[in-house]
Amino acid sequence: MMTTPRAALAGAILLASCAVIAAPKLARKPAVSAGGLPRYGMVVYSDLCIHPDSGEFGGQRITLQRFSEVDTVLYEYTAGGLSWPVVASDVNIDPRGKQLYFTVQPPDEDERTISGKLADGGNTLVLDGGYCGDAAVPMRLKRVTDFGRKAGACRACPAPKPHKEQEKEKEEETPAPSIDAGQTTTAGL
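Quick caveat: nothing in here was measured; it's all calculated off a predicted structure. (Residues numbered from 1 in each chain as written. Predicted model: local features only at pLDDT ≥ 70, side-chain atom pairs only at ≥ 80, totals over all residues. Heavy atoms only, no water.)

**A few points about the state of the cysteines**
Test applied: Criterion for a disulfide: a pair of cysteine sulfur atoms within 2.5 Å. Think of it this way: any DSSP run of H or I at least four residues long counts as a helix, any run of E at least two long counts as a strand, and we number them from the N terminus. Note on exposure labels: buried denotes an accessible area under 20% of the residue type's maximum, exposed denotes more than 50%, and partly exposed covers the range between, all computed with a 1.4 Å probe on protein chains only.
All told, the structure shown has one disulfide when counted by the stated rule. Through a disulfide, cysteine 49 is tied to cysteine 154; the S-S separation comes to 1.9 Å. Judged by the sign of its S-S torsion, about 95°, the bond between cysteine 49 and cysteine 154 is right-handed. Of the two residues, cysteine 49 sits in strand S2 (residues 49–50) while cysteine 154 sits in the loop between strand S13 (152–153) and helix H2 (164–173), which places them 105 residues apart along the sequence. The same class applies to cysteine 49 and to cysteine 154, which are both buried.

**Some details on the layout of surface pockets**
The line we're drawing: Lining residues are those with an atom within 4 Å of a point, where the points come from a 1 Å grid over the protein atoms alone and group into cavities, where a 1.4 Å probe fits but cannot get out, or pockets, open sets with protein on both sides within 12 Å along at least five of seven lines. Grid points are joined across faces, edges and corners, and a volume is the space filled by probe spheres set on the points. In this classification, Asp, Glu, Lys and Arg are treated as charged, Ala, Val, Leu, Ile, Met, Phe, Trp, Tyr, Cys and Pro as nonpolar, and every other residue, Gly included, as polar.
The computed volume of the largest pocket comes to approximately 680 Å³. Forming the walls of the largest pocket are 23 residues, and the residues nearest its centre are Asp47, Cys49, Gly59, Tyr131 and Arg155. Mapped onto the lining of the largest pocket, the elements with two or more residues apiece are strand S12 (139–143) and S13. Taken together, the residues of the lining of the largest pocket sort by class into 10 nonpolar, seven polar and six charged.

**Digging into the sheet that holds strand S3 (residues 57–58)**
Threshold: By definition, two strands form a pair when at least two bridges between them are found by DSSP.
As summarised here, the arrangement of the three strands in space is S3-S2-S13, forming an open sheet in which the pairing is mixed. This sheet does not close on itself; its edge strands, each paired only once, are S3 and S13. Two elements, S2 and S13, share two bridges in a ladder whose sense is parallel. By the bridge assignment for S13, cysteine 49 is matched with glycine 152.

**Observations regarding the pattern of salt bridges**
What counts is decided by this rule: By convention in these notes, a salt bridge is any Lys or Arg side-chain nitrogen within 4 Å of a carboxyl oxygen on Asp or Glu.
In the structure shown here, the tally under the stated rule is seven salt bridges. The shortest N-O distance in the salt bridge between glutamate 76 and arginine 61 comes to 2.8 Å. Of this pair, glutamate 76 sits in strand S5 (residues 71–79) while arginine 61 is found in strand S4 (residues 60–66), placing the two residues 15 residues apart along the sequence. Taking the shortest distance from any N to any O, the salt bridge between aspartate 120 and lysine 142 comes out at 3.9 Å. Placement of the pair is aspartate 120 in the loop between strand S10 (112–119) and strand S11 (124–127) and lysine 142 in strand S12, with a sequence separation of 22 residues. Three or more residues are tied together by salt bridges with common partners; here these are Arg39, Arg66 and Asp71.

**Some remarks on the environment of arginine 155**
For arginine 155, the location among the structural elements is in the loop between S13 and H2. Looking at arginine 155, the relative accessible area reads 72%, which means it is exposed.

**A short note on the confidence of the model for the protein chain**
What counts, and what does not: The predictor reports its confidence for every residue as pLDDT, a score running from 0 up to 100. Here, two residues are considered to be in contact whenever any of their heavy atoms come within 4.5 Å of each other.
For the protein chain, the mean per-residue pLDDT works out to 77, and 68% of the residues sit at or above 70. Contacts from residues 25–32, a stretch scored under 50 in pLDDT, to residues over four places away or in other chains number five contacts.

**Some thoughts on the packing of aromatic side chains**
Under the convention used in this document: Think of it this way: a Phe, Tyr or Trp ring, Trp meaning its six-membered ring, pairs with another when their centres are within 6.5 Å, and the plane angle makes it stacked under 30 degrees, edge-to-face over 60, tilted otherwise. Two conditions define a charge located above a ring, namely a distance within 6 Å from the ring centre to NZ of Lys or CZ of Arg, and an angle within 35 degrees of the ring normal.
Throughout the structure, instances matching the rule amount to two aromatic pairs. Between tyrosine 75 and tyrosine 77 the ring centres are 5.8 Å apart and the planes differ by 20°, which places this aromatic pair in the stacked class. Among the residues examined, tyrosine 77 registers a relative accessible area of 12% and is labelled buried. Measuring from ring centre to ring centre gives 6.2 Å for tyrosine 75 and phenylalanine 102, while their planes differ by 55°; the resulting arrangement is tilted. With tyrosine 75 in strand S5 and phenylalanine 102 in strand S9 (residues 99–104), this pair connects stretches of sequence that are 27 residues apart. With respect to class, tyrosine 75 is no different from phenylalanine 102; both count as buried. Here a set of aromatic residues connected by ring pairs shows up, and it is made of Tyr75, Tyr77 and Phe102. Directly above the ring of tyrosine 40 sits arginine 39, whose terminal nitrogen or CZ lies 5.0 Å from the centroid. Over the aromatic face of tyrosine 77 sits the side chain of arginine 112, whose NZ or CZ is 5.7 Å from the ring centroid.

Structure follows, in structure tokens:
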């Protein structure tokens, strides 16, 4: 088969156009920094669950939408039933995409700021604050990748651990054992 100059020129143009189209994709920076949030797109973090006894939702869901002009957050929480989404104000994400904070004002509640850090390579959002009323235990929201899955069952909160101050108060309240002058106690040797 003999190639004509015209066919060779068409092949060269086709090859050059493919190279031009592929070049921007090869030179592009990764969409996600190592373990951080993507610069563009949508990410959802949630710990929503269903209470087995009542059938009501528990937990919260944070939907982050990143556009070139602005970042937005939709915050949902439970108070018996799932709340309407609250649009956050003052959304701030660090340049590496590993920390964020935003302000929400749910209906009939005071304004509050929610902050957190990414963990587990960006698959977990660890929120500052207390889980199950314990300020020392942070809330962990997993990244949602399967939007069709059903919510799992809620786990009961663990028994609260006594704080050092409470232990000291108990020690002070407990009277020391009294020793009767007529009795002696010896340790077994």
